[in-house]
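Take a look at the letters that make up each chain.
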Amino acid sequence: MQASFPAVVISGTGLYRPPHVITNAELVEAFNAYADLQNAEHAEAIAAGERTALTHSSVEFIEKASGIKQRYVIDKAGVLDPTRMYPRFTPRGDDQISLMAEIAADAARKALEQAGKTGADIDAVLCSSANMQRAYPAMAVEIQQALGAGGYGFDMNVACSSATFALEQAVNAVRSGASKCVLVVNPEITSAHLEWRDRDCHFIFGDVCTAVIIERAETATGADQWEILGTQLATQFSSNIRNNFGFMNRAEDRDPSDRDLTFYQEGRKVFKEVVPMAAAHIEAHLGKLGLAPAQMRRYWLHQANQGMNQLVIKKLVGADAGSDVAPLILDEYANTASAGSIIAFHQHRADLAAGDTGVICSFGAGYSIGSVVVKKR
Ligand code: CO8
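Procedures and definitions
- Residues numbered from 1 in each chain as written.
- Predicted model: local features only at pLDDT ≥ 70, side-chain atom pairs only at ≥ 80, totals over all residues.
- Heavy atoms only, no water.
- Axes fitted to C-alpha atoms, helices over the stretch in contact; angles between N-to-C directions.
- Helix = DSSP H or I, 4+ residues; strand = E, 2+ residues; numbered from the N terminus.
- Parallel < 35°, antiparallel > 145°, perpendicular 65-115°, else oblique.
- Left-handed = near helix turned anticlockwise from the far one by under 90°.
- Contact = heavy atoms within 4.5 Å.
- Pairing = 2+ DSSP bridges.
- Salt bridge = Lys/Arg side-chain N within 4 Å of Asp/Glu carboxyl O.
- Buried < 20%, exposed > 50% of the residue type's maximum accessible area, 1.4 Å probe, protein only.
- Near = heavy atom within 4 Å.
- Polar contact = N/O pair within 3.5 Å; in protein donor to acceptor, adjacent residues only side chain to side chain.
- Nonpolar A, V, L, I, M, F, W, Y, C, P; charged D, E, K, R; others polar.

Asks: Any details on the packing of helix H1 (residues 24-41) against helix H3 (residues 59-66)? Residues and values, ideally.
Replies: Running from N to C, H1 and H3 cross one another at 125 degrees; their axes reach a closest spacing of 9 Å. Of the possible angle classes, the one that applies to H1 and H3 is oblique. The two elements H1 and H3 meet at a crossing, and its hand is right-handed. Between H1 and H3, the contacting residues are Asn 24, Ala 25, Leu 27 and Val 28 on the first element and Val 59, Ile 62 and Glu 63 on the second.

Asks: Give me the sheet that holds strand E12 (residues 357-364): which residues, what numbers.
Replies: Strands pair in a sheet through their backbones, by hydrogen bonds, and they do so in one of two ways: parallel or antiparallel. Taken together, the nine strands give an open sheet; going across it, the order is E5-E4-E6-E7-E1-E8-E13-E12-E11, and neighbouring strands pair in mixed fashion. Two strands bound the open sheet, and with one partner strand each, they are strand E5 (152-156) and strand E11 (298-301). The sheet shows a mean angle of 25 degrees between the axes of neighbouring strands, taken without regard to direction. In the sheet, strand E6 (residues 181-188) pairs with strand E7 (residues 208-216) via eight bridges, with the strands oriented antiparallel. Within E7, the residue paired with Val 182 across the bridge is Ile 214. Sitting on the sheet, helix H7 (residues 162-176) is in contact with strand E1 (8-16), strand E4 (124-128), E5, E6, E7, strand E8 (226-235), E12 and strand E13 (368-376), with an inclination near 125 degrees to E8.

Asks: Lay out the pattern of salt bridges in plain terms, naming residues and giving numbers.
Replies: Enumeration according to the criterion identifies 17 salt bridges in this entry. The partner of Arg 259 in a salt bridge is Asp 198, and the shortest N-O contact between them spans 3.0 Å. Of the two residues, Arg 259 sits in the loop between strand E9 (241-242) and strand E10 (264-265) while Asp 198 sits in the loop between E6 and E7, which places them 61 residues apart along the sequence. By relative accessible area, which is 29% here, Arg 259 ends up partly exposed. The salt bridge involving Arg 349 is made with Asp 224; its shortest N-O contact spans 2.6 Å. Separated by 125 residues along the polypeptide, Arg 349 in the loop between helix H11 (340-347) and E12 and Asp 224 in the loop between E7 and E8 bring together distant segments of the chain. The pair formed by Arg 349 and Asp 224 is uniform in burial state, with each residue classed as buried. A cluster of three or more residues bridged by salt bridges with shared partners is formed by Arg 297, Arg 298, Asp 324 and Asp 351.

Asks: Describe the pairing of E8, and please don't skip the residues or the numbers.
Replies: Within E8, seven of the ten residues are buried, leaving the element largely enclosed by the surrounding structure. For E1 and E8, the ladder comprises two bridges, and the chain directions are antiparallel. Within E8, the residue paired with Ile 10 across the bridge is Trp 226. Relative to E13, E8 runs antiparallel, the two being bridged by nine bridges. Looking across to E13, one finds that Glu 227 is bridged to Lys 375.

Asks: Before we move on, could you go through the site of the ligand and cite the residues and values that matter?
Replies: Around the ligand lies a shell of 26 residues, among which Cys 160, Arg 199, Arg 268, Asn 305 and Ala 365 are the nearest. Between Ser 57 and the ligand, the recorded distance is 2.9 Å, taken from a side-chain N or O atom to a nitrogen atom. Contact between the ligand and Ala 365: an oxygen atom at 2.8 Å from a main-chain N or O atom of the residue. Of all the secondary structure elements, the ones that give two or more residues to the shell around the ligand are H3 and helix H8 (267-288). With three residues, the single largest contributor to the shell around the ligand is H8. For the shell around the ligand, the residue count by class is twelve nonpolar, eleven polar and three charged.

Asks: Give a detailed account of the pairing of E1, specifying residues and quantitative values.
Replies: Most of E1 sits inside the fold, with nine of its nine residues counted as buried. Relative to E7, E1 runs antiparallel, the two sharing eight bridges. Residue pairing in the sheet places Tyr 16 in a bridge with Cys 209 of E7.

In structure tokens form, the structure reads like this:
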């Protein structure tokens, strides 16, 4: 999609950061205690060769393989309890705001404040995340009510690309005149869909929520505005990142703790296949806009793996680029699914000058890739 009149801008972003940090050392200690308990419980089967003993995790491996040093979570005690290994959330009544809507409303209020808007200015809410708390009513409609917004809301899920895919829908709605001011929110409670008992992936994710306000440039009054020069989305089916949790599990007589009912992946394959796809996608998108990768002042990339981002940038600009060109937030937040590139944009744009251009880009399950080219006004 090429930029055309009327100009559409991002006029505010907001971030909800959960109260608890889990360091790699704490995570590994809990995992190793869980592994020891399991191995003791199944000692006979392990000795008889009927079961494989669980091996310890390691802080060194996690930091070297991913770049992740810690993650934020909404509940820490349940995750670190070696007899549980997943978060504990108190069920809420239907008359209470749900957890996902609560963190989304928090991030949204911060984005609205930055944009100089109130909930009443919003006429569309897109709640776009890798996981939804429930099937219906849509989370977006509950968030719309919590903020006193008008218009409509709906939920969408494109895994790690949920935010960029929603941004294109928001830009199109504003550009066409269908909507005046759209809120995109990405509440990612990844801790509930991560298998903390699997050392191959237990370090990967963290909880967070991001929010973005999209409106026409002519209505924007916020101090920090980013014109959207173009958006481009692509998908290509792959089972290399997968989660088979769904509404048919009960009818399939599935055990809720079956391994494929939480996140699982072929991490190596994802790394190898997605890096060239993401770099080619960004290059082609910029080419359509008459721009070259080296002209971009900053890349706010999906935050899954430090090495992955370095390779994408190397393919694009032909050199090792430091954190000034492609800032990393995954050391602090881990992979926050769709929110990662938006956190990077939220935290690392204040130093750019009017006229500077950059790319927000996500890549992940699906496979899905979404790029949003922006220019500081
Ligand atoms: N501690 C010590 N050793 C370990 C550990 C550990 N924790 N984990 C694995 N090892 C071992 C392995 O067993 C293996 O041993 P061996 O060589 O003896 O078999 C060795 O270390 C190497 O393992 P890997 O080959 O798996 O290690 P990698 O170097 O490939 O690193 C990564 C693993 C970090 C996962 C890496 O492959 C990676 O980051 N890949 C990219 C993944 C990616 O980008 N995925 C995107 C997923 S996110 C997304 O799309 C959103 C989905 C929706 C989210 C839902 C919310 C939960």
